[in-house]
Amino acid sequence: MSQGATPEGAGSASLTTVEAYQKAILSAINPLAPVSLELADAEGCVLAEDVTAAVALPSFDNSSMDGYAVRAADVAGASQESPATLRVTGEIAAGDIGAHRLEPGTAIRILTGAQVPAGADAVVPVEWTDDGSTEVAIYRPADAGNAIRHVGGDATAGETLLTAGTRLRPMHIAVAASAGRKAVSVRPRPRVVVLSTGDELTEPGTPLVPGRIWDSNSYMIAAAAREAGAVAFRRSGVPDDPSGVLPALEEQLARADVLVTTGGVSMGGEHDVVKAALRELGTVNFMKVAMQPGMPQGFGVIGQGEAGGAGAKRGVPLFTLPGNPVSAYVSFQLFVRPAIAALQGADDLSLPAAAATLTSPVRSPSGRRSYLRAVLDGTRVTPLSGQQSHQIASLGRANALIIVPEWETQLPAGESVDVLVLP
């Protein structure tokens, strides 16, 4: 079944649906202002302008092969038994800007990419010849236009080559460069700052004592942000204290386009430090989303200046993700990843979906959509053991998430399911 279709009465009225939460997030995101970046720095950014060809591409007739520039009429009767023999009067290399002219009954050696000389209307590949230097024997005829890249054959002057909204991949960088552009106007890679809260956290590489755990969340979410094309920073060791959380957030605002916290947002208890700290700002909404893992979520926009005030600072979206690592990872992929695209004025970062057949049965709580770690192999998907939200080892083996809709509590082996393919 499609993850978007919900039978009437499914789910719980006290929970927010995944789609409603995603929609609320995206409606609050404003794209980053365009900046001009040189091509060497623009890969992964999203174009904020069209790129057009300044001149025709190619801008001159050139050879597509190493060989000899000739007149087609001079080699029309050439054959293996009766080759056309032409005097070689010169050579043109790629980059040669000299004015060359081919006289009837002669040939000019030419290299790939070199400008076709005036008077020539064909290029004979060297493989069709004896590779002569002062005189060349040509064993096959060449039609007019053979092995010639003509002016404007790729694009005409003024033609749109790339449109605004294109995420710049290596081939797009090549296109922009071929159009003569040194820089382009783009929406830049968002800067994502990740903060892990918890007195129990300690840095990997340090000794572990009872009651402490190594911080995996900040490394994981920062890596996921980079994988999504963002620039990521991490701030670990934020204490379980509202007086420590707020200053940590405030000091990161200057370098953040997105703030992501993990931990401190459970649905009850006196140690929900992120919720307690941000409640003072009055800008972050906390809710229960009808999903597993990742039910406790929070989102808001902080750091805005006074409405209408001169020099008001642009608001920074803040995501408060659960502290369990699998919950944090799934939440990032479902909510933060699309928001990174929205900051660039794009919508191309949602995880790709596929249909697959279950190889074994699965269970899910009623009223919540489950995202189960799994291994997708072609059209078959196998759920992994260890589906609790703290069990990170199985996450490392997964390449997909099985979607079990809110209204299903179990699905048998052989059932067709939707899956999300992990990056």
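Please read all numbers here as calculations on a predicted model, not as lab measurements.

Would you mind showing me how to read the overall build of the protein here?
Counting its regular elements, the protein contains eight helices and 28 strands. Computed over its C-alpha atoms, the radius of gyration of the protein comes to 31 Å, more than 25% above the 22 Å expected for a compact globule of 423 residues. Summarising its shape, the C-alpha atoms of the protein cover approximately 95 × 60 × 50 Å along the three principal directions. In the protein, which comprises 423 residues, the proportion classed as buried is 44%. Surface accessibility of the protein: about 19,500 Å² in total, with carbon and sulfur atoms responsible for 51%. Charge-centre separation for the protein: the mean point of 31 positive side chains lies 7 Å from the mean point of 43 negative side chains.

Could you clarify how one ought to interpret the pattern of salt bridges in this entry?
Two side chains carrying opposite charge are able to pair once their charged atoms lie near each other. Per the stated rule, a full pass over the model turns up eleven salt bridges. Notably, a salt bridge pairs D348 with R167, separated by 2.8 Å at the nearest N-O pair. With D348 in the loop between α7 (325–343) and β22 (353–358) and R167 in the loop between β11 (160–162) and α3 (170–178), this residue pair connects regions lying 181 residues apart in the sequence. Judged by its relative accessible area of 39%, D348 is partly exposed. On the basis of relative accessibility, which here comes to 6%, the residue R167 falls in the buried class. Because the salt bridges share partners, they merge into one network encompassing E19, R369 and E406.

Which parts of the structure should I look at to understand the nonpolar core?
One broad rule of soluble globular proteins: the nonpolar side chains tend to lie buried together. The biggest cluster of nonpolar side chains holds 48 residues, and the ones touching the most others in it are F319, F335 and Y371. Examining the composition of this core, we find that 13 residues originate from one element, α7, more than from any other. The next biggest cluster of nonpolar side chains, apart from the first, holds 16 residues, and it includes V238, L278, V316 and L318.

Just to check I follow, could you spell out helix α1 (residues 18–27) for this structure?
Note on helix geometry: an α-helix contains 3.6 residues per turn, so any two residues three or four positions apart are oriented the same way. Taken as a whole, α1 has its buried residues at V18, Y21 and I25. Projection of α1 onto a plane perpendicular to its axis shows the buried side chains occupying an angular sector of 70 degrees, all on one side. Among the exposed residues of α1, those oriented more than 90 degrees off its buried face are K23 and S27. The inward-facing, buried residues of α1 contact β18 (284–288), β19 (291–292), β20 (296–302), β21 (316–321), α7 and β24 (369–377).

Would you mind showing me how to read the packing of aromatic side chains here?
The relative placement of two aromatic rings is captured by the distance of their centres and the angle of their planes. Tallied over the entire structure, the rule returns two aromatic pairs. Aromatic pair Y21 and F335: ring centres 4.7 Å apart, planes at 75 degrees, arrangement edge-to-face. Taken together, the residues Y21 in helix α1 and F335 in helix α7 connect sequence positions 314 residues apart. Residue class for F335 comes out buried when judged on its relative accessible area of 2%. Taken together, a centroid distance of 4.9 Å and an interplanar angle of 50 degrees make the contact between F299 and F319 tilted. Here the residue F299 occupies a position in strand β20, and F319 occupies one in strand β21, the gap between them amounting to 20 residues. Across the pair, F319 and F299 agree in class, each one buried. The ring of W128 is capped by R140, whose NZ or CZ atom sits 4.0 Å from the centre of that ring.

Which parts of the structure should I look at to understand the sheet that holds strand β17 (residues 258–262)?
The pairing of strands in a sheet happens through backbone hydrogen bonds and is either parallel or antiparallel. Strand order in this open sheet of six strands is β16-β13-β17-β21-β20-β18, and the pairing throughout is mixed. The open sheet has two free edges, formed respectively by β16 (231–238) and β18, since each of these has just one partner strand. Adjacent strand axes in the sheet meet at a mean angle of 15 degrees when their direction is disregarded. With five bridges joining them, β20 and β21 adopt antiparallel strand pairing. Looking at β21, one finds that G300 is bridged to L318. Sheet contacts for helix α5 (residues 242–252): β13 (191–197), β16, β17 and β21; angle to β16, the most-contacted strand, approximately 160 degrees.

It is not clear to me how the environment of R101 should be interpreted in this structure. Could you clarify?
As for its position among the elements, R101 is in the loop between β6 (84–92) and β7 (106–110). For the pair R101 and P117, spaced 16 residues apart in sequence, the C-alpha to C-alpha distance is 5.2 Å. Aside from chain neighbours lying at most four places away, what touches R101 is I108, P117, A118 and G119.

I tried to follow the confidence of the model for the protein on my own but got confused; where do I start?
Close reading of the predicted structure is inappropriate where its pLDDT is low. Overall, the prediction assigns the protein a mean pLDDT of 89, with 90% of residues at 70 or greater. Confidence drops under a pLDDT of 50 for residues 1–11, and excluding neighbours within four residues, the segment shows 19 contacts in the predicted structure. Within the model, the stretch residues 305–312 combines pLDDT values under 50 with three contacts to residues more than four positions away or in other chains.

Explanation requested: the sheet that holds strand β2 (residues 46–47) in the structure shown.
Read from one edge of the open sheet, three strands run β1-β12-β2, paired in antiparallel fashion. A single partner strand is all that each edge strand has here, and the edge strands are β1 (35–38) and β2. Bridge count between β1 and strand β12 (residues 183–187): four bridges; the pairing is antiparallel. Residue pairing across strands places V35 opposite V186, the latter belonging to β12.

What is the right way to read the packing of helix α4 (residues 217–227) against α7 from this model?
The packing of two helices is summarised by the inter-axis angle and the distance between the axes. Packing of α4 against α7 leaves a shortest axis separation of 10 Å and a crossing angle of 30 degrees. Between α4 and α7, the angle falls in the class roughly parallel. With respect to the hand of their crossing, α4 and α7 are arranged in right-handed fashion. Side by side, α4 and α7 meet where N217, M220, I221, A224, A225 and E227 of the first sit next to P325, A328, Y329, F332, Q333, R337 and I340 of the second. Among the residues making up the contact of α4 with α7, the classes are represented as nine nonpolar, two polar and two charged.

Reading the values: rules and limits
Residues numbered from 1 in each chain as written. Predicted model: local features only at pLDDT ≥ 70, side-chain atom pairs only at ≥ 80, totals over all residues. Heavy atoms only, no water. Helix = DSSP H or I, 4+ residues; strand = E, 2+ residues; numbered from the N terminus. Rg over C-alpha atoms; globule rule 2.2 N^0.38 Å. Buried < 20%, exposed > 50% of the residue type's maximum accessible area, 1.4 Å probe, protein only. Areas by Shrake-Rupley, 256 points an atom, 1.4 Å probe, with all protein chains shown as cover. Lys, Arg positive; Asp, Glu negative; His and termini not counted. Charge placed at Lys NZ, Arg CZ, Asp CG, Glu CD. Salt bridge = Lys/Arg side-chain N within 4 Å of Asp/Glu carboxyl O. Core = buried A, V, L, I, M, F, W, Y, C linked by side-chain atoms within 4.5 Å. Arc of directions from axis to C-beta. Contact = heavy atoms within 4.5 Å. Phe/Tyr/Trp six-rings, centres within 6.5 Å; stacked < 30°, edge-to-face > 60°. Lys NZ or Arg CZ within 6 Å of the ring centre and 35° of its normal. Pairing = 2+ DSSP bridges. Axes fitted to C-alpha atoms, helices over the stretch in contact; angles between N-to-C directions. pLDDT = per-residue confidence, 0-100. Parallel < 35°, antiparallel > 145°, perpendicular 65-115°, else oblique. Left-handed = near helix turned anticlockwise from the far one by under 90°. Nonpolar A, V, L, I, M, F, W, Y, C, P; charged D, E, K, R; others polar.

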